[in-house]
Amino acid sequence: PIMFVDFYPKEEEIKQKKSFIGIEGQLLKKYLQTVGIEDYYCTYLVKCFPGVGKVPGTVDFNVCGEYLVDEIKKVCPKVIVLLGGGVLSFFGIDSKITTARGIPIWYEKFNCYLLPTFSPTYLNNFTDLSSQKREFVEDLNKALKISKEGMQQKIETHYKYASTISEVEWMTNQ
């Protein structure tokens, strides 16, 4: 299956004791259906609503992270889709979602790929024809393809370090 991990549940989801039922959950399920993803599992990094205007912190990550790890071990996903920037640091990704999205990352700890993408909460700010929603659909298609076929080869990243703009220009022209 494909596992989807969002940052934390919304207030209404806590009240009804059901996950992914709000506007964001409806949006996610709409796109899952559009792409044809049927075998999936949705969960949250932080398991409780932090309160209006509050953002979960390190204590929440440490406490709830243990439950997420247990869920991942039980589900055994081939791909974990990380919904938004809030969950990246838990998986050791030190990057913004706009930079990391759409790039599969092999995660040895759980023997699966991570695929960061935009959160449904963020996507609700855009029209259906927006580039953000188009990229989200591309990411879902990529997750589906990886879950069915795997990757032809593990993606290697080769970093080059530059300390000046002229070094960057020289490296990009190579």
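Residues numbered from 1 in each chain as written. Predicted model: local features only at pLDDT ≥ 70, side-chain atom pairs only at ≥ 80, totals over all residues. Heavy atoms only, no water.

(A) View of the packing of helix α2 (residues 23-35) against helix α6 (residues 131-149). The interhelical angle for the contact between α2 and α6, taken along N-to-C directions, is 55°, at an axis separation of 10 Å. Considering the angle they form, α2 stands oblique to α6. Where α2 crosses over α6, the two elements pack in a sense that is right-handed. Contacts between α2 and α6 pair L27, L28, Y31, L32 and V35 from the former with K133, F136, V137, L140, N141 and L144 from the latter. (Axes fitted to C-alpha atoms, helices over the stretch in contact; angles between N-to-C directions. Helix = DSSP H or I, 4+ residues; strand = E, 2+ residues; numbered from the N terminus. Parallel < 35°, antiparallel > 145°, perpendicular 65-115°, else oblique. Left-handed = near helix turned anticlockwise from the far one by under 90°. Contact = heavy atoms within 4.5 Å.)

(B) Structural context of α6. With 19 residues, α6 extends 26 Å from end C-alpha to end C-alpha; this agrees with the ideal 27 Å at 1.5 Å per step. Of all the residues in α6, the buried ones are Q132, K133, F136, D139, L140, A143, L144, I146 and S147. Along α6, the residues classed as buried sweep out an arc of 165° about the axis, all on the same side. For α6, exposure combined with an orientation more than 90 degrees from the buried face picks out K148 and E149. Where α6 terminates, the next one or two residues include G150, which has phi positive at roughly 75°. (Expected span 1.5 Å × (residues − 1). Buried < 20%, exposed > 50% of the residue type's maximum accessible area, 1.4 Å probe, protein only. Arc of directions from axis to C-beta.)

(C) Fine view of the packing of aromatic side chains. Here the structure, examined in full by the defined rule, presents 10 aromatic pairs. Pairing F20 with Y44 gives two aromatic rings, centres 4.5 Å apart and planes at 10°, and the pair type is stacked. You can see F20 sitting in the loop between α1 (11-16) and α2 and its partner Y44 sitting in strand β2 (residues 40-44), a full 24 residues away along the chain. The pair F20 / Y44 is uniform in exposure class, with both members buried. Ring centres of Y31 and F136 lie 5.8 Å apart, and the angle between their planes is 85°; this geometry places the pair in the edge-to-face category. Linking Y31 in helix α2 with F136 in helix α6, this pair joins segments that are 105 residues apart in sequence. Like F136, Y31 is buried. Members of the aromatic cluster, each reached through a chain of ring pairs, are F90, F91, Y107 and F110. (Phe/Tyr/Trp six-rings, centres within 6.5 Å; stacked < 30°, edge-to-face > 60°.)

(D) Fine view of the confidence of the model for the chain. Confidence in the prediction of the chain, expressed as mean pLDDT, is 85, and 83% of residues score 70 or more. Across residues 155-159, confidence stays below pLDDT 50; counting only partners more than four residues off in sequence or on other chains, it has one contact. (pLDDT = per-residue confidence, 0-100.)

(E) Just the nonpolar core, in detail. F4, I80 and L82 are the most contacted members of the largest nonpolar core, which has 47 residues in total. Those elements that place two or more of their residues in this core are β1 (2-6), α2, β2, α3 (58-75), β3 (79-83), α4 (97-100), β5 (112-117) and α6. When residues of this core are assigned to their parent elements, the largest contribution, six residues, is made by α3. (Core = buried A, V, L, I, M, F, W, Y, C linked by side-chain atoms within 4.5 Å.)

(F) How the structure looks around unusual backbone geometry. Of note, K17 is a non-glycine position whose phi angle comes to about 55°, a positive value. Examined against the element boundaries, K17 turns out to sit in the loop between α1 and α2. Taking the relative accessible area as the measure of exposure, K17 reaches 77% and is therefore exposed. One non-glycine residue, N111, adopts positive backbone phi at about 55°. Considering the arrangement of structural elements, one finds N111 in the loop between β4 (105-107) and β5.

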